[in-house]
Structure formats: structure tokens, C-alpha cells
Amino acid sequence: MPSSEILSCKKISLLISLALAQFDVSITVSQNPLELNFTISNSLSQPQTFLQWGTPIEGVWTDMFDIRDEQNNRLDYIGKIVLRGVEPIEEEYITIPAGGSISAMVNLGDNYEFLSVGKYIIRVDLPSYCKLQFSTEAKVEVFHLETIPPRKPIRAPQGYTNCNANQVSYANAAISGAISQSARAYNCLNQGCDALYLRWFGTYSQANWNFVSNGYYNINTRLNNYAFNGYCDSGCAANTFAYVYPTDGTLTVYLCALFFNRPSDRNRVIVHEMSHFRTLCGTQDYTYGTASCLSLARANPNQASHNADNVCYFATEA
């Protein structure tokens, strides 16, 4: 059989497996250290395949749990936010055999800001782009926090760290491009570009317009007036562009191999990542890719205006 036919058969097999996928998800919380065990089980009589994106199986790469205190206040997510490649790669799919399961541990203290002891309720709240199909029964765990967990320190490099001369040169060029894009986006919004706004952010609202306009201004000001803090090839997976910690006061962007290997994406990646910092903008990752972002603008303008990819795609076209 020609290799192309083999690949085609693999794709068909994968699609069938994904279409049938229905998993059971369970969580348990333990203390000292404060950790959550996330388990995906396959109760069917045949193997099932799923994409890891947005699940703890790939790592804690985004906010994926709704944790609330006794006053129903939702805890802040302080972990990393990772920008993946636009399309998944084969290694990002996992197959669980019939009757099998897979688990991952999540250090809650490293990823959520616990400010006091007491009772907490945690619920599975995987991001909307996550494709994992599991039973609709609410996955909730109640636990009593006995000790406030120590926060994992974030490295605070200044300038470039662990980067070679070529990487610094590529990053600096991307920063210049991001400065131009964020300035054009800001000027476009303030001089009038209704069609482009509608395309990427959906139906106009003053609050959403203010959010993106202020975000572009802050990104541009930061990149124009302060040294860029970049950390190369640290904690990256094969199909990731970059990541940040949104509450990191040093505003360090961790740049991965995919960033350096995709010249046409570098400018938008810098805008995307800078928009995640809460002191500049505070975007989320609700979805990725042009088609999905355009759909989000039509379906949910509030999420679209707060979605990092929509923000960077608008800047690219402004």
C-alpha cells in the first residue's frame, strides 16, 4: 500500500475513534503538597483516542479548573498559558485501550492563588477548545485546605536568557514587527475600521472596544520603552510557539523552537503573548486559528475581544 494511502487510513481510523470517544473523568485532591489527580478512563470495549489539548495530560498549560472559596470567589489562575501550533501533531493524540485509564497530577498551589485556609470547591472546567468528550455529569470535589501552599517562584531574567545570537536577532525583528502591528491596530481602532473590528471582534460594544484599544496601547508602550525579557527553549513541547505566566511582573516571554522555525508567525506570536499579561491586557485562550477565531467573533463577541489569537490576527490585518 502506498504511504499516502497508509496515512489516509490512519486519519480515517483516528476520526472514527474521535467520533466514538466518550470517556469517564474523575478527580481527587490530596494535601501536603496540594495536588489533584485527574484520571481519564475508557469504559468501552474498544480503544479510544483523544487530543490532549486543554487537559492536564499534556500539562497545566491553561486555566482548566473552577476553584471557589466559601464566599464563592473564583481563585485566580497563575500558571502558564501556552500558545500551541495551529494544527495538532500526531504525538498530541493519546489512545486509551479498552478498559484502561490514564492519570496526571496537577500541583494546585503552583497554578492557583490560594489566599486562606478553609473549604474549597473545585470543578472540572476545561477550556472551550478542548476536544475531550466525557460524560456530562459535573466533576466536583470539595476539600478543606489546611495550609496555604507556598507559591512556586517564577524566574525573573532581564533581557535574553539561554538564547543564541540568531535567536536574539529573530526575536528582536519580531518585536519591531509587533510594535508596528500594535500601533497600526490602535490607530485603526481610533480612526475607524468598523469592518475589520466586526470581522475579528464581532458586534461592537464600548467595553470590548476599550479592552482591545487599551491592550494595543499598553503592548506598544511596553515594547517601545522597556527591554524585552525573553527566555529561549525552556519547558517547551514540540508543537508550541511560546508561553507566559500572565501574572509575571517581569513580563518574560518563553520562546520555543516553533517560534524560531516559523518566521511568518513571529510578529503575531509576540502580540499574542504580550496580550496575556494582566498588567497590559489580560487576554485568554478561548480558541486558536483564523477560522475558529472568525467563528468566535460571530458567536461570542465578548470572548472574541478577550481572545489572544483574535487580538493578534486583528493587529496583523490592521
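None of these values were measured; they are calculated from a predicted model.

Draft legend 1. Representation of unusual backbone geometry. A cis amide bond, omega 5 degrees, links Asn32 with the succeeding residue Pro33. Among the secondary structure elements, Pro33 is positioned in the loop between strand E1 (24-30) and strand E2 (35-41). Its identity as a non-glycine residue notwithstanding, Asn162 has a phi of 65 degrees, on the positive side. Locating Asn162 in the fold gives a position in the loop between strand E10 (160-161) and helix H3 (165-191). On the basis of relative accessible area, Asn162 is assigned to the exposed category, the value being 53%. Phi at Asp233 takes a positive value of approximately 55 degrees, unusual for a residue other than glycine. Here Asp233 lies in the loop between strand E11 (229-232) and strand E12 (240-244). By relative accessible area, Asp233 is classed as partly exposed at 39%.

Draft legend 2. Focus on helix H10 (residues 308-317). Of all 10 residues that make up H10, eight are buried, and the element is covered over most of its length. Every buried residue belonging to H10 is among Ala308, Asp309, Asn310, Val311, Cys312, Tyr313, Phe314 and Ala315, and all of these are buried.

Draft legend 3. Structural detail: the packing of aromatic side chains. Inspection of every chain in the model, using the stated rule, returns 20 aromatic pairs. Centroid distance Tyr186 to Tyr217: 5.6 Å. Interplanar angle 50 degrees. Geometry classified as tilted. You can see Tyr186 sitting in helix H3 and its partner Tyr217 sitting in helix H5 (residues 206-225), a full 31 residues away along the chain. The exposure class assigned to Tyr186 is partly exposed, which follows from its relative accessible area of 27%. Among the residues examined, Tyr217 registers a relative accessible area of 47% and is labelled partly exposed. These aromatic residues form a ring-pair network of at least three members: Tyr197, Phe201, Tyr204, Tyr216 and Phe314. The ring of Tyr170 carries the charged tip of Arg266 above its face, separated from the ring centre by 4.3 Å. The aromatic ring of Phe241 is capped on one face by Arg268, whose charged end is 5.4 Å from the ring centroid.

Draft legend 4. Examining the side chain of Asn239 more closely. Counting through the fold element by element, Asn239 comes out in the loop between E11 and E12. Looking at Asn239, its side chain comes within polar contact range of the main-chain oxygen of Glu87, at 3.1 Å. With near-sequence residues (within four places) excluded, Asn239 lies in contact with Trp53, Arg84, Gly85, Glu87, Pro88, Ile89, Glu92 and Leu258.

Draft legend 5. A nonpolar patch on the surface, seen in detail. Taken together, the side chains of Ile121, Val140 and Val142 present a nonpolar region at the surface, about 230 Å² in accessible area. Among the structural elements, Val140 can be located in strand E9 (residues 140-145). By relative accessible area, which is 43% here, Val140 ends up partly exposed.

Draft legend 6. Highlighting the state of the cysteines. Going through the model one piece at a time under the given rule, you end up with three disulfides. Disulfide pairing is shown between Cys188 and Cys193; the S-S distance is 2.1 Å. A torsion of 140 degrees about the S-S bond marks the disulfide between Cys188 and Cys193 as right-handed. Judged by relative accessible area, which is 15%, Cys188 ranks as buried. The disulfide bridge from Cys236 ends at Cys256, spanning 2.1 Å between sulfur atoms. Negative torsions about the S-S bond denote left-handed disulfides, and the value of about -75 degrees found for Cys236 with Cys256 makes this one left-handed. Pair noted here: Cys236 is in the loop between E11 and E12 and Cys256 is in the loop between strand E13 (252-255) and helix H6 (257-261), with a separation of 20 residues, a long-range link. Residue Cys256 is classed as buried on the basis of its relative accessible area of 0%. The cysteine Cys281 is free of any disulfide, with Cys312 supplying the nearest cysteine sulfur at 11 Å. Owing to a relative accessible area of 11%, Cys281 belongs among the buried residues under this scheme. Between Cys312, a cysteine without a disulfide, and Cys293, which holds the nearest cysteine sulfur, the sulfur-to-sulfur distance is 7.2 Å. The exposure class assigned to Cys312 is buried, which follows from its relative accessible area of 0%.

Draft legend 7. A look at the environment of Ala183. The residue Ala183 is located in helix H3 in this model. Separated by 113 residues in the primary sequence, Ala183 and Glu70 place their C-alpha atoms 44 Å from one another.

Here is what the cut-offs are and how they apply
- Residues numbered from 1 in each chain as written.
- Predicted model: local features only at pLDDT ≥ 70, side-chain atom pairs only at ≥ 80, totals over all residues.
- Heavy atoms only, no water.
- Helix = DSSP H or I, 4+ residues; strand = E, 2+ residues; numbered from the N terminus.
- Buried < 20%, exposed > 50% of the residue type's maximum accessible area, 1.4 Å probe, protein only.
- Phe/Tyr/Trp six-rings, centres within 6.5 Å; stacked < 30°, edge-to-face > 60°.
- Lys NZ or Arg CZ within 6 Å of the ring centre and 35° of its normal.
- Polar contact = N/O pair within 3.5 Å; in protein donor to acceptor, adjacent residues only side chain to side chain.
- Contact = heavy atoms within 4.5 Å.
- Patch = residues over 30% accessible without salt bridge, like charges linked within 9 Å, V, L, I, M, F, W, Y side chains within 5 Å.
- Areas by Shrake-Rupley, 256 points an atom, 1.4 Å probe, with all protein chains shown as cover.
- Salt bridge = Lys/Arg side-chain N within 4 Å of Asp/Glu carboxyl O.
- Disulfide = S-S within 2.5 Å.

Shape descriptors only; they carry no functional weight alone.
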